[in-house]
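Read off the chains here:
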Amino acid sequence: MIIPIRCFTCGKLIGDKWEYFSRRVKEGEDAGKVLDDLGLDRYCCRRMLLSHVEIIDEIIRFYETGKQQQMRPT
Amino acid sequence: MKIQILEKNDISMRLLIEGTNAPLMNTLRRIILSEVPTMAVDDVVILENSSALQDEFLAHRIGLVPLKTDLDTYNLPENCECKSEFGCNLCRVSLVLDVEAEDHTIVVRSSDFKSENPTVIPVSNEISLVKLAPEQKIRLEAYARLGKGKDHARWQSVSMCTYKYKPIISVNTELCNSCGECVEACSRNIITKTGKKIEIRNLENCTLCQDCVKACQETPKAVKSSWDETSFIFAIESTGALTSERILREALNILDGKLVEFLKQLPVKKT
């Protein structure tokens, strides 16, 4: 749904690292290198970011379009 | 006991502790994991939530946010003089979150929390709590208390606390033919080859995997990998709620308290 606050296994804070991670990966950088830069050295924390899909962005689109339709004059 | 600091900053710490035993190291590890108190939200009053996340989902996320902890000012709720279920100024901090997305989608971050006490704030300002579409709104009050890791993971002060034996790797120069097989096999780059000589460096990174011994073609083996059962490499990584040094100090105080209590209970009561 949305990036978890902490790593499921060890409890390290990861909730503040997703945006930076996804931005750099989208720019074409190697994910492993970005994870190293973020200081995530255990594989439990690394898989949290690597395997994450931000589904809330898809869900929020329904609310956004719903809003636009309401505003459209009939 | 001899303690040498290998690496230390606010978040993490690595120590080489010599002249001790595994039970003591394990005691320290278990106390750090489950007994050192930190601050976390454990009650959330949701006044309004029209976001895409359900109330309990949101409350759970808020609970997991690590907060900077002031152990000198605040008491554990069970030790607080107020004896109140709701808490008082000495055992509870309230944080208010009041955000509304107006005409475009926003991300609600941990920096949007308004804390009653400016020293008790989330460790990072960038933690995304939820996303709000236009006209969605969140209004809630969260109550943070001190708690222990054994009650819930949100109160755990560390994200890692480990110890391992100090590794000993030795190369017998008479048997070694400098083939370099062990250098190739070592995944931690501890064994290096300079000229015809096999050298060992950064020994504390060794995981005692024995790959170097398996790779050695000589019989008997020229490389020997073993460990010192009285020396340990002890590592902590804090969640940011407390400094790594403070965690260790608190753990030792708690251990002291437990030992005093044990001695008090020890004499057999005559009936």
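Look a little higher up for the structure.
Predicted model, so just to flag it, every value in this text is computed and none were measured. (Residues numbered from 1 in each chain as written. Chains lettered and ligands numbered in written order. Predicted model: local features only at pLDDT ≥ 70, side-chain atom pairs only at ≥ 80, totals over all residues. Heavy atoms only, no water.)

The next subject is the sheet that holds strand β6 (residues 114-115) of chain B. Residue and element names in this part refer to chain B. Here four strands make up an open sheet; going across it, the order is β3-β8-β4-β6 and the pairing antiparallel. At either margin of the open sheet sits one strand with a lone partner, and together these are β3 (38-49) and β6. Pairing of strand β4 (residues 93-100) with strand β8 (residues 137-147) involves eight bridges; the strand directions are antiparallel. In the sheet register, V93 faces β8, and the bridge partner there is A144. Packed onto the sheet, helix α2 (residues 55-64) meets β3 and β8 and runs at close to 155° relative to β3. (Pairing = 2+ DSSP bridges. Helix = DSSP H or I, 4+ residues; strand = E, 2+ residues; numbered from the N terminus. Contact = heavy atoms within 4.5 Å. Axes fitted to C-alpha atoms, helices over the stretch in contact; angles between N-to-C directions.)

What follows concerns a negative patch on the surface. On the surface, D98, E100, E102 and D103 of chain B cluster together into a patch of negative charge. Summarising the element assignment, D103 of chain B is placed in the loop between β4 and β5 (106-109). (Patch = residues over 30% accessible without salt bridge, like charges linked within 9 Å, V, L, I, M, F, W, Y side chains within 5 Å. Areas by Shrake-Rupley, 256 points an atom, 1.4 Å probe, with all protein chains shown as cover. Salt bridge = Lys/Arg side-chain N within 4 Å of Asp/Glu carboxyl O. Lys, Arg positive; Asp, Glu negative; His and termini not counted. Charge placed at Lys NZ, Arg CZ, Asp CG, Glu CD.)

Moving on, we get to empty space enclosed by the protein. Residue and element names in this part refer to chain B. This structure, assessed with the given rule, holds two cavities of 30 Å³ or more. Empty space within the largest cavity amounts to approximately 90 Å³. Around the largest cavity, the lining comprises 14 residues; the ones closest to its centre are I169, C186, C206, C209 and C212. Residues belonging to the lining of the largest cavity are distributed by class as follows: eight nonpolar, four polar and two charged. For the second largest cavity, the calculated volume is near 50 Å³. Together, C176, N177, C179, G180, E181, C182, C216, E218, A222 and V223 line the second largest cavity. Per-class residue counts for the lining of the second largest cavity are six nonpolar, two polar and two charged. (1 Å grid on protein atoms, 1.4 Å probe; cavity = no way out; pocket = protein on both sides within 12 Å on 5 of 7 lines; lining within 4 Å. Points joined across faces, edges and corners; volume = space filled by probe spheres on them. Nonpolar A, V, L, I, M, F, W, Y, C, P; charged D, E, K, R; others polar.)

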